[in-house]
Amino acid sequence: MAHSTTPGAAAGAVPSSVTDTDDGPSPSSAARSMAKGAEPAALSKASKASRASKASKASKASKASKKGGTFRTRLKRDRTLILMTLPAILLVLLFNYIPILGNVVAFQEYDPYISDNGFIAVFESPWVGFEQFTRLFEDSAFWDAVQNTLVLFSLQLVLFFPIPILLALLINSVIRPRVRAVSQAILYLPHFFSWVLVITVFQQIFGGAGIIAQTLRQHGYEGFDLMTDPGIFKFLVTSEGVWKDAGWGIIVFLAALASVSPDLYEASAMDGAGRWRRMWHVTLPALRPVIALLLVLRVGDALTVGFEQILLQRDAVGPGAAEVLDTYVWWNGVRNQDFSYAAAAGLIKGVVSLGLVLAANKVAHLMGEQGVYKK
């Protein structure tokens, strides 16, 4: 007997594929909801990647702008300045760097007459290794010259180097512009005198026939001749250098003082600081970087104490008191045409001077100053 189905049950029947079970949504509904949720996630990831790319490009652009742009951009921007400095660069290369190659003759027995061309003679001269340096170190006159050079450098560093600083502080304290301008002109003037003229002036004042000696004799006293006294020769040379170049040395310090803001002086004065306290706490700290830089450069010139100045006075006091490295190279190398020997002495001087500059610059860095170059 067949079973019959009620009309209500048949009418309310729904396909199982479109109904939700008690356990959850159907697979097709879950897929659609997952797809809808994945779209915002994908868009969010793309947006984040786009923002990160833009931030990276902006960071690179910022770094490039801080460095002045790309090399091509900077080259195009600064081409006028580069063209202006090009002649100076060529002169430095021609007269300072290319001649360094000539130090090769220090390791040869260089004979300029071995060939019709002195340049070709460099390639035809025999090699002797370190023989020239051995001769140099075994010569007692070389060590005497080194000793005189170092003593002169020490005197100039202690007695000469602080004077431009003191003069700059003194002139900077002058209020009247006219008085300051006249003072600067008077101090600058001796720098343009030749060493022949400077030594002649000192000879006419401190020499045996000078004004002071003649005046003393006229009044019954014994005269003197400081220009031929080996005992005070080094102090004499230092005083000549002070008179000639101390005024010129104040230019850099005055430029540094001009950059100090007047507000600092006014603020310190309002706090009760007097003239000396303002100089100690405002002026000298402003000069400190310049002093450190010039001191490093001066130490680099420790073995160069004035060739022309000492050569003009060497015969008056004798080589024992006046022989320095530069005059030693001249008399024992160039004048005798022993060019390899002279090159060896000059090479040693250059290497030692470079070491002194690097050491002094390191000390400046330890003291918190920039020196010749940054760390």
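Residues numbered from 1 in each chain as written. Predicted model: local features only at pLDDT ≥ 70, side-chain atom pairs only at ≥ 80, totals over all residues. Heavy atoms only, no water.

Thoughts on the packing of aromatic side chains
Applying the stated rule across the entire model yields 16 aromatic pairs. Aromatic side chains phenylalanine 192 and tryptophan 248 sit 5.5 Å apart centroid to centroid with 80° between the ring planes, which places their arrangement in the edge-to-face category. With phenylalanine 192 in the loop between α9 (177–188) and α10 (195–206) and tryptophan 248 in helix α12 (residues 233–258), the pair connects residues that are 56 residues apart, well separated along the chain. On the numbers, 5.6 Å between centres and 40° between planes, the contact of phenylalanine 202 with phenylalanine 206 is tilted. Here phenylalanine 206 and phenylalanine 202 lie together in helix α10, a separation of four residues that amounts to about one turn. Three or more aromatic residues joined by ring pairs form one cluster here, namely Phe137, Phe142, Trp143, Tyr328 and Tyr341. Its end group placed over the ring of tryptophan 195, lysine 244 keeps NZ or CZ at 5.1 Å from the ring centre. (Phe/Tyr/Trp six-rings, centres within 6.5 Å; stacked < 30°, edge-to-face > 60°. Helix = DSSP H or I, 4+ residues; strand = E, 2+ residues; numbered from the N terminus. Lys NZ or Arg CZ within 6 Å of the ring centre and 35° of its normal.)

Focus: the nonpolar core
One broad trend across soluble globular proteins is that nonpolar side chains are buried collectively. With 19 residues, the main nonpolar core has Ala106, Phe133, Leu136, Phe142, Leu325 and Tyr328 as its most contacted residues. Going through the elements one at a time, α6 (131–137), α7 (140–160), α17 (325–334) and α18 (339–366) are the ones with two or more residues in this core. Here this core gets six residues from one element, more than from any other, and that element is α18. When neighbours within four sequence positions are excluded, tyrosine 328 is seen to be in contact with Leu136, Asp139, Ala141, Phe142, Ala145, Glu323, Gly333 and Tyr341. Judged by nonpolar contacts, the second largest core, of 15 residues, contains Ala302, Val305, Ile310 and Val317. (Core = buried A, V, L, I, M, F, W, Y, C linked by side-chain atoms within 4.5 Å. Buried < 20%, exposed > 50% of the residue type's maximum accessible area, 1.4 Å probe, protein only. Contact = heavy atoms within 4.5 Å.)

Details of the pattern of salt bridges
Summed over all chains, the structure comprises five salt bridges. A salt bridge links lysine 244 to aspartate 245; the shortest N-O distance between them is 3.8 Å. On the accessibility criterion, aspartate 245 (23% relative accessible area) is partly exposed. Two residues, lysine 349 and aspartate 326, come together in a salt bridge whose shortest N-O distance is 2.5 Å. Pair noted here: lysine 349 is in helix α18 and aspartate 326 is in helix α17, with a separation of 23 residues, a long-range link. Take lysine 349: its relative accessible area is 16%, and that puts it in the buried class. For aspartate 326, a relative accessible area of 16% puts it in the buried group. (Salt bridge = Lys/Arg side-chain N within 4 Å of Asp/Glu carboxyl O.)

Some details on unusual backbone geometry
For glutamine 337, which is not glycine, the phi torsion reads 60° and is therefore positive. Under the relative-accessibility criterion, glutamine 337 is labelled partly exposed at 42%.

Considering a nonpolar patch on the surface
On the surface, Leu83, Leu86, Ile89, Leu90, Val92, Leu93, Tyr97 and Ile100 cluster together into a nonpolar patch covering about 740 Å² of accessible area. As for its placement among the helices and strands, leucine 90 is situated in helix α4 (residues 79–97). (Patch = residues over 30% accessible without salt bridge, like charges linked within 9 Å, V, L, I, M, F, W, Y side chains within 5 Å. Areas by Shrake-Rupley, 256 points an atom, 1.4 Å probe, with all protein chains shown as cover.)

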